[in-house]
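# Tertiary structure, described
The residues making up each chain are set out below.
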Amino acid sequence: MEQQLELFDFNAPIALEDLFEAYFECRKHKRKTLNALSFEVDYEHNLIELWQQINNGTYKIGRSIAFIVEKPVKREIFAADFRDRVVHHLVIRKLEQYFEKVFSPNSCSCRKGKGTLYAVKRVADYIQKRAKQANGECYVLKMDIQAFFMSIDCNLLCRKLLEFVEQYYMKSDKNLVKKLVEMIVLNRPQYSCIRRGKYSSWDGLPRHKSLFYAADMNGMPIGNLTSQIFANFYLNDLDGYVDSLPQVDYVRYVDDFVLIGNSKDTLKKLIAKIRELLKQKLSLVLHPKKIYLQHYQKGVNFVGVRLKGALILAGNRLKRNFFEKITEMNLKKGKVTSKRAEDTRAFFNSYCGYMIHLNAYNLRMRGWRLLKNELQNCFLYVKNCAYVVMKG
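First, a word on scope: everything that follows refers to the structure included in this document. Please read these numbers as outputs of a predicted model, since none were measured by experiment. (Residues numbered from 1 in each chain as written. Predicted model: local features only at pLDDT ≥ 70, side-chain atom pairs only at ≥ 80, totals over all residues. Heavy atoms only, no water.)

### Comments concerning helix α12 (residues 264-282)
The terminal C-alpha atoms of α12, which comprises 19 residues, lie 26 Å apart, in line with the 27 Å expected from a rise of 1.5 Å per residue. Turning to α12, its buried residues are L267, L270, I271, I274, L277, L278 and L282. Count one or two residues on from α12 and you reach S283, which has phi positive near 55°. (Helix = DSSP H or I, 4+ residues; strand = E, 2+ residues; numbered from the N terminus. Expected span 1.5 Å × (residues − 1). Buried < 20%, exposed > 50% of the residue type's maximum accessible area, 1.4 Å probe, protein only.)

What follows is the structure, given as structure tokens:
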């Protein structure tokens, strides 16, 4: 390692320290994957090699692994090679603070402190505020974008990102950061990927949800950190336009977005304006069958919950997955080992820890009662378990 370091200029644009920090952040949730383990065996050597390649211009993006997941919905995932994931984290770490300066506070995906719960509570707060202002005369308009990730124009996104970096990022490694951004956005992983699982796994997945059928230079791979953050950036024009409208409040989570206002007619007129903005500026299409406009008391589904009146209820998918997982845990045979006890605790507290923020006490208690007695007993010898079930 010392010999390697001596052979390289430490005044290179991308600092070695930056890459190590990106690596440690990247591996937090990926340490058990084969890619991550293989890289970690000699991570110092691998990081220095990657550092050299980035700085001398020889870095090339590797092959992704494509596979299908069934839950929460059937979806195509592209998992980048681990070294490429490190580069993704490197780029986002450098640009994140500048993105935050231009992102709307109502854009809630893949941002610190702005997850699904933040989005739900923000919508609930806006509804209550509007309803109180107009004595209950409050309406909710919910829309989403058809085949959003597969419809992103990568040439347009790349151009916007490069302009953004040029304008806001003033550090000495600007040109290298721009080059990495361009490589990531314009990379077409579907042309060289390794498919994991049977080809029949793709049966039932609509073509408009697959990168393999996306138009040329359209579509971002689901599964990469950069895809999530860059997708947020892509919709920044939409966020800016709706945020500027004083007659409505607005919250977006990825491509699902909600507008809340006191006038049904005002919200209805905005549908055509938003449709035109998406088409003209971003080459995107509103989903024609997913436009919902109702009085707030009738309820609206958003990011896995149902907001109805002053209540925040668990959505059907959340309830279904919760009870399916309980059934799966109950059906396992054999002795309840410490690992099984820990798995039970982790799953149950994960769901209940989220649902405690909803009006879902009866749902949590029903799930608890459905667990087999021996699984309930797991919580007696695994620390900090199931307290969320009983909490009001």
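### Some remarks on the packing of aromatic side chains
By convention here, two paired aromatic rings are described through the distance between centres and the angle between planes. All told, the structure shown has 26 aromatic pairs when counted by the stated rule. On the numbers, 5.4 Å between centres and 35° between planes, the contact of F322 with Y351 is tilted. Taken as a pair, F322 in helix α13 (residues 316-331) and Y351 in helix α14 (residues 338-355) lie far apart in primary sequence, 29 residues in all. For F322, a relative accessible area of 0% puts it in the buried group. Overall, Y351 belongs to the partly exposed group, its relative accessible area being 22%. The ring of F323 has R366 lying over it, and the distance from NZ or CZ to the ring centre is 4.3 Å. (Phe/Tyr/Trp six-rings, centres within 6.5 Å; stacked < 30°, edge-to-face > 60°. Lys NZ or Arg CZ within 6 Å of the ring centre and 35° of its normal.)

### Thoughts on the sheet that holds strand β3 (residues 139-144)
Paired through backbone hydrogen bonds, the strands of a sheet run either parallel or antiparallel to each other. With antiparallel pairing, four strands are arranged side by side in an open sheet as β5-β6-β3-β7. The sheet is open, and its two borders are formed by β5 (248-253) and β7 (292-295), each paired with just one other strand. Taken pair by pair, the neighbouring strands of this sheet meet at an average axis angle of 15°, ignoring direction. In this sheet, β7 lies alongside β3 in antiparallel orientation, the contact comprising four bridges. (Pairing = 2+ DSSP bridges. Axes fitted to C-alpha atoms, helices over the stretch in contact; angles between N-to-C directions.)

### Observations regarding the packing of α13 against α14
Relative orientation of the contacting elements α13 and α14 amounts to 165°, with a least axis distance of 11 Å. One way to sum up the angle between α13 and α14 is to call them roughly antiparallel. Both α13 and α14 take part in a crossing whose hand is left-handed. Packed against α13, whose contacting residues are L318, N321, F322, K325, I326, M329 and N330, the element α14 presents R340, D343, T344, F347, F348, Y351, C352, Y354 and M355 at the interface. Tallied by class, the residues present in the contact of α13 with α14 amount to ten nonpolar, three polar and three charged. (Parallel < 35°, antiparallel > 145°, perpendicular 65-115°, else oblique. Left-handed = near helix turned anticlockwise from the far one by under 90°. Contact = heavy atoms within 4.5 Å. Nonpolar A, V, L, I, M, F, W, Y, C, P; charged D, E, K, R; others polar.)

### With respect to the pairing of strand β9 (residues 305-308)
The side-chain alternation of β9 yields one buried face, formed by V305 and L307, and one unburied face, formed by R306 and K308. Between strand β8 (residues 300-302) and β9, which pair antiparallel and follow one another directly, the connecting turn spans two residues, one of which, V303, has a positive phi of 40°. Looking at chain direction, β9 and strand β10 (residues 311-314) are connected through four bridges and run antiparallel. By the bridge assignment for β10, V305 is matched with A314. Hairpin connection from β9 to β10: two residues lie between these consecutive antiparallel strands, with G309 at a positive phi of about 60°.

### Observations concerning the packing of α13 against helix α15 (residues 361-370)
Where α13 meets α15, the closest approach of the two axes is 10 Å, and the angle between their N-to-C directions is 15°. Taken together, the axes of α13 and α15 are roughly parallel relative to one another. The two elements α13 and α15 cross, and the hand of that crossing is right-handed. The segment α13 lies against α15, with K319, F322, F323, I326 and N330 engaging L363, R366, G367 and L370. In terms of residue class, the contact of α13 with α15 is made up of five nonpolar, two polar and two charged.

Taken by themselves, the reported measurements are silent on function.
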